[in-house]
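Per-entry structural report
Below are the chains, spelled out letter by letter.
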Amino acid sequence: MTKVEELAQGVLSGEIRSIARAITVIENNAPEAKKLVSSIYPHTGKAHIIGFTGAGGAGKSTLIEKIVREYRRNGKTVGVVAVDPTSPFTGGAFLGDRIRMQELSTDPGVFIRSMASRNYPGGIARATKDAVKVLDAAGKDIVIVETVGAGQSEVEIIKVAQTVVVVHAPGLGDEIQAIKAGIMEIADIFVVNKADRENANKTVMDIQAILQLNNKETAWKPPVLKTVALTGEGVPQLIEKIEEHRLLLEKGLKHKGSREKAEAELIEAIKEKVVSSVLEGLRKEGEFEQLVGEIVEREIDPASAAEKLLKKALKDAEA
Amino acid sequence: MTMFDQKKLEEVKRERTRWEQTTLPNWLKQSRERKTEFHNHSGMQVKRVYTPEDMENMDYMRDLGFPGEYPFTRGVHATMYRGRLWTMRMFSGFGTAADTNRRFKYLLKEGETGLSIAFDYPTIMGYDSDHPMAKGEVGICGVAIASLKDMETLLDGIPLDKVTTSMTINGPAPILLAMYVAVGDTQGVPREKLGGTTQNDNLKEFFAQNLCIFPPKASVKLTTDIIEYCARHLPRWNPVSISGYHIREAGATALQELAFTIYDGISYVESTLERGLKVDDFAYRLSFFFASHNDFIEEIAKFRAARRLWAKLMKERFKAKSPRSMWMRMHVQTSGCTLTPQQPLNNIVRTTMQALSAVLGGTQSLHTNSFDEALCLPTEEAVRVALRTQQIVAHESGVTSTVDPLAGSYYVEALTNEMEEKAWEYIHKIDDMGGAIPAIEKGFFQKEIADSAYMYQREIEEKKRVIVGVNDYTIAEGKCPIEILRIEPKVETAQVASLRKLKRERDNRKVKEVLDKLHYSAEKDENLMPTIIEAVKAYVSLGEITEVLRMVYGEYKELIVI
Amino acid sequence: MQTERKIRVLIAKPGLDSHDRGAKVVARALRDAGMEVIYTGLRQTPEQIAETALQEDVDVIGLSILSGAHKTLFPRIMDLLKKKGLTDVTVFAGGIIPEEDVEEMKKLGIKEVFGPGTPTERIIKYVLENVPKRT
Ligand code: B12
Ligand SMILES: Nc1nc2c(ncn2[C@@H]2O[C@H](COP(=O)(O)OP(=O)(O)O)[C@@H](O)[C@H]2O)c(=O)[nH]1
Ligand SMILES: [Mg+2]
């Protein structure tokens, strides 16, 4: 067996060290990463993947901890991938979500992995999607992804998760703005956490009011639930809704569509592939460096330079 | 109003301008100053020279007044150390109750005038010595007290009507206070004569000391139970020691220490008023605890500003009538984090200066750190030198002959004012956040402190701040030149055995009965002090009591801010 | 796309010790030096620390302890790490650890011990030089 095969084997048998290592390989985009993912891919698709997004401080991590506990009580195994932002200045990151889940760390039915965004846009890391696959292939019944939590443009999660939970907390201020700005479209379930605070009901009503504006006929109407992550209040109800949503997806009712998701993933993969292989080829040509120089000197604009380079490359590819 | 003759002030102003244009440039030409700007720890810029101009708006009676009178800037007592010296109270505790009892007696013999108990980690966190989390921690960082039996041993031969005792305990404070009361009862000391302090400041645990057991609301409830109970039954007990020390040691600046501590004080006054007590019924028993760090004048200004600020708050915000409610009585500890394992004897010098600031700042009580602070719990020799340091300041320095000797110093007064003003800014900011608990939940204090701690570290590394023996004037350290105190593992074995024996031999029916009662009381949100006293008298252990409270209140998970 | 290896560090606080000033300062310095830092939070059992290191697949583990309980806790941590196969992780420590214990700690496999007054710059350099080589 090659090393990659061994690693894949370890993942499939649920061996913790292999799972951890496999995620690192993917994160670092090591040479063997692609092979690894393709060899575990046939074994994925069994887990239910749930995304948690929403502003920092809303209580996502705390809530996830409680949800994991509840799933464990129901006999399910769980994997968690928690993403935190990388500093664009230093490249470093402080991965703090795990602290809230630390009591789960010795439960053999739970695997938690912290991940830095490494400047990937959209609230997750480039590796998140494949890390989820690793956990799925390793046999976790449920895989949970926590996004960075910068609010607003965290829409990448729909490419990863089957059920997206958007978490709000009363008094955080700009959440309603965020909903309007697009987070709304991605939510399958809304949660107003910190319901122990006075103004929680108002937040619920605000969200419902916005939802009412959208009166398209859909099979799934996103519910708005209240939770207190500190005590676990409302968590069973949340899980119930997640389960309902999962069943709906299972019945194949046309929702946002697993086909769409697959298509998006394929396009993404093609893009990555095309860009890197074409780029590699172009860099080898002397023209590339020369054109960079010309752009700096304002002799040619970047778009025309690209066209010039690509014309040749694409012709080569066709031939 | 000003304290100076307008004409004279103008003359000073004129003369200063002249000096800046004539004399000063000549000096600066010959040799530049060591830095372009001088700052204190709080980041305030320190001027080259202070003059009456810096006290221009000062009103003596409004801002300073006389000692023992509002606004108490010059001290809470009229005669200060001419009457009675501060209480010399050395924070001590290690090993078993018997080990610490011996240390107490030694210190009392050497001239210490009050006791201060350091508990070990299991006790602090509400675990019995035989709890799995206690493994390897029993008696290591303080004395192990798991039941009334240990407390009896700890206080054996110490007359509780004559000596006052401070206990550094927070979450489990009601339990330790109950044990102390129980020992007092056995000694036949009337409760109204029992004097001492429980730290019992749970708020600062959430952002400074981190020894939180219960969530914020429940923690404040327990703090308030003690305040209420003492107001009704233990008139000489300081129910809470509102602590800036830990805030400072966690990395805060002097200003942050001052502001955050005062804010915690505000919170306790509010939570006690909610119990229906009148402010003058309890405020006179609130006490404070500050650090004394390296910047000599800054610290003095901080202590003086703290007193004035608190007096104003009590009078204006809380409408206290009794002057005693406006007193800020304080305990001070010299700053442990300034002490180094490098060239440990240098620590004696640092501690001496810090002790002197505390005394010039008008403290009521003082702990001085030992020169082995950065290495281990104090050895007998180290603690004796630390105590002697206080005695030398008290008897040899002469600063105790007059009240508030530095009052009127242009620099001291200007800095006192600036400290107070900037502290008010913080107070208003926290008011706007909705108070201390919302600020904790937002991570406000945590972030402020973490940033200051990091900045302090950076300043040392960049040599903007010289620490003698650490980043300058270093020597090849070689073998550690001083003896180290070590706690033997047999302490744990003995303690666990004795606790297990107690648990077998006590009346376990009674134990269960009181614990059920406690559970019920906690759920009904009653004041828990009476039931806890009953429990400790039945030799219910600290861990058992805390366990019930953990069940009712839940456990706190820290909000980490880096 | 190129490989993008980052150093992953676990900063852990074993036992009841709740001094966190030093641990936080070190964590922040390592982060600012471009590393990915996971902090366990306070009062961790050896089991929690070892399991976290395992799941997070960290390159280095920094133990911070000022309570004097290292003599009980460190052997348990090192033992668990070994049992979990984490032999290619660099373990180092800081805090109040008496000089006379340092040898003993090193025998357990703790590669270095940093006491009060250590510049974080030195700690960063140490990590950079001691990240285990991995394929
Ligand atoms: C500050 C302090 C406190 C503060 C803590 C605030 C906080 N949030 O951290 C307060 C006042 C709350 C406190 C309380 C107590 N303290 Co204290 N405290 C100290 C003190 C004075 C300084 C520690 C410090 O923060 N220094 C500044 C930081 C930046 O330095 P550092 O932690 O040493 O970290 C540096 C290095 O050690 C190293 N490092 C540290 N961690 C790591 C990790 C890694 C991976 C690496 C590579 C390096 C590294 O790098 C850092 C940068 O140079 C020390 C004595 C001393 N001078 O060291 C006592 C000391 C640690 N405390 C002690 C005790 C006993 C206590 C209490 C238990 C007392 C009691 N019974 O109530 C309580 C417990 C509190 C708690 N939270 O756990 C004892 C421990 C005794 C022992 N080990 O034998 C000491 C040694 C004092 C003494 N001699 O008695 N304390
Ligand atoms: N009052 C209250 N606080 C909560 C609740 N859930 C989380 N918190 C607190 O909110 C803060 C942020 O929580 P965290 O889970 O880290 O939020 P995240 O950034 O969204 O992951 C923490 O201090 C939590 O203790 C809740 O239901 N009620
Ligand atoms: Mg989070």
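One structure accompanies this document, and this report is about it. (Residues numbered from 1 in each chain as written. Chains lettered and ligands numbered in written order. Predicted model: local features only at pLDDT ≥ 70, side-chain atom pairs only at ≥ 80, totals over all residues. Heavy atoms only, no water.)

Concerning the pattern of salt bridges
Quick note on the threshold: When a carboxyl oxygen of Asp or Glu lies within 4 Å of a side-chain nitrogen of Lys or Arg, that pair is called a salt bridge. Only runs of H or I of at least four residues qualify as helices and only runs of E of at least two qualify as strands under DSSP, and these elements are numbered from the N terminus. For each residue, the accessible area found with a 1.4 Å probe, counting protein chains only, is set against the maximum for its type, and the residue is called buried under 20%, exposed over 50%, and partly exposed in between.
Tallied over the full model, the rule gives 85 salt bridges over all chains. Taking the shortest distance from any N to any O, the salt bridge between Lys83 of chain C and Asp79 of chain C comes out at 3.2 Å. Residue Lys83 of chain C and its partner Asp79 of chain C are both found in helix α3 (residues 70-83); the two are separated by four residues, about one turn of the helix. The exposure class assigned to Lys83 of chain C is exposed, which follows from its relative accessible area of 64%. The structure contains a network of salt bridges with shared partners spanning Glu27, Arg98, Arg113 and Arg118 of chain A together with Arg8, Glu36 and Glu56 of chain C.

Topic: the coordination of the magnesium ion (ligand 3)
Residues and elements named next belong to chain A. This is how the line gets drawn: In this analysis a donor is any N, O or S atom within 2.8 Å of a metal ion (3.2 Å for sodium, potassium and calcium), and since water is not included, sites may seem incomplete.
Donor atoms from the polypeptide that coordinate the magnesium ion (ligand 3) comprise Ser61 (OG), Asp97 (OD) and Glu146 (OE), at 2.1 to 2.2 Å from the metal. Considered as a linear motif, the donors of the magnesium ion (ligand 3) on their single chain read S-x35-D-x48-E. Remark: Asp97 occurs in the loop between β3 (93-95) and β4 (110-116) and Ser61 occurs in helix α4 (residues 60-73); sequence separation between them is 36 residues. Here Ser61 and Asp97 have matching classes, each one buried.

Observations regarding the site of ligand 2
Rules: Residue proximity to a molecule or strand is established when one non-hydrogen atom of the residue lies within 4 Å of it. The definition of a polar contact used here is a pair of N or O atoms within 3.5 Å, where within protein one atom must be able to donate a hydrogen and the other to accept one, and adjacent residues in sequence count solely through side-chain atom pairs. In this description, accessible areas are obtained by the Shrake-Rupley approach with a 1.4 Å probe, and a residue is regarded as covered only by the protein chains that are shown.
Taken together, 17 residues are adjacent to ligand 2, and Gly57, Lys60, Thr62, Arg100 and Ala229 of chain A come closest. Positioned at a junction of chains, ligand 2 has nearby residues supplied by chains A and B. Between an oxygen atom of ligand 2 and a main-chain N or O atom of Gly59 of chain A, the distance comes to 2.9 Å. Coverage of ligand 2 by the protein chains reaches 88% of its 570 Å² of free accessible surface.

Side note on the interface of chain A and chain B
To keep it simple, the criterion reads: Only heavy atoms matter for contacts: two residues are in contact if any of them lie within 4.5 Å across the pair. Defined in terms of a 1.4 Å probe, buried area is the accessible area two parts forfeit on being brought together, summed over both.
On the side of chain B, six residues touch chain A, which itself brings six residues to the contact. Note on chain A versus chain B: buried area summed over both sides is about 570 Å², and carbon and sulfur give 53% of it. By the criterion of area lost to chain B, the three top residues of chain A are Phe94, Ile99 and Arg100 of chain A, representing 67% of everything that side buries. Summed over the shared surface of chain A and chain B, the result is two salt bridges. Across the pair Lys557 of chain B and Glu65 of chain A runs a salt bridge, and its minimum N-O distance is 3.8 Å.

Some remarks on the interface of chain C and chain A
The criterion, for reference: Residues are sorted three ways: Asp, Glu, Lys and Arg are charged, Ala, Val, Leu, Ile, Met, Phe, Trp, Tyr, Cys and Pro are nonpolar, and all the rest, Gly among them, are polar.
The partner chain A presents 33 residues to the 32 residues of chain C that form the contact. Approximately 2900 Å² of surface area, both sides summed, lies buried where chain C meets chain A, with 47% of it carried by carbon and sulfur atoms. Between chain C and chain A we count eight salt bridges in total. Here Arg21 of chain A makes a salt bridge to Asp57 of chain C, at a shortest N to O gap of 3.0 Å. Scanning the region where chain C abuts chain A turns up 22 residue pairs in polar contact (both at pLDDT 80 or more). By residue number, the principal contributor to the side of chain C that touches chain A is helix α2 (residues 46-56) of chain C, which donates seven residues. Of the residues in the side of chain C that touches chain A, the class split is seven nonpolar, 11 polar and 14 charged.

Describing a nonpolar patch on the surface
Formally: Residues forming no salt bridge and having over 30% relative accessible area are the ones grouped into patches, like charges within 9 Å of each other and nonpolar side chains (Val, Leu, Ile, Met, Phe, Trp, Tyr) within 5 Å.
On the surface, a cluster of nonpolar side chains totalling about 270 Å² of accessible area is made up of Leu266, Ile270 and Val274 of chain A. Relative to the helices and strands, Val274 of chain A is located in helix α9 (residues 258-284).

Brief notes about the packing of aromatic side chains
Residues and elements named next belong to chain B. What counts here: Two rings from Phe, Tyr or Trp (for Trp, the six-membered ring) form a pair when their centres sit within 6.5 Å of each other. Planes less than 30 degrees apart are called stacked, planes more than 60 degrees apart edge-to-face, and all others tilted. For a Lys NZ or an Arg CZ to count as sitting over a ring, it must be within 6 Å of the ring centre and within 35 degrees of the ring normal.
Taken as a whole and judged by the stated rule, the model has 20 aromatic pairs over all chains. On the basis of an interplanar angle of 85 degrees and a centroid distance of 6.4 Å, the ring pair of Tyr70 and Phe72 is categorised as edge-to-face. Pairwise contacts between aromatic rings join Phe207, Phe260, Tyr426, Phe444 and Phe445 into one cluster. If you follow Lys315 out to its NZ or CZ, it ends over the ring of Tyr70, 4.2 Å from the centre. Note that Arg324 overlies the ring of Trp327, its terminal NZ or CZ placed 4.7 Å from the centroid.

Overview of the packing of helix α1 (residues 3-12) of chain A against helix α2 (residues 16-27) of chain A
Residue and element names in this part refer to chain A. Cut-off, in case you're wondering: To define axes, lines are fitted to C-alpha atoms, for helices over the stretch in contact only, and angles between the resulting N-to-C directions are given on a 0 to 180 degree scale. Roughly parallel means an angle under 35 degrees; roughly antiparallel means over 145; roughly perpendicular covers 65 to 115; every other angle is labelled oblique. Should the near helix be turned anticlockwise from the far one by less than a right angle, the crossing is left-handed, and should it be turned clockwise, the crossing is right-handed.
Closest axis-to-axis distance for the α1/α2 pair is 8 Å, and the angle between their directions is 125 degrees. One way to sum up the angle between α1 and α2 is to call them oblique. In terms of crossing hand, the pair formed by α1 and α2 is left-handed. For the pair α1 and α2, contact is made by Leu7, Gly10 and Val11 and by Ser18, Ile19, Arg21, Ala22 and Val25, respectively. Residues belonging to the contact of α1 with α2 are distributed by class as follows: five nonpolar, two polar and one charged.

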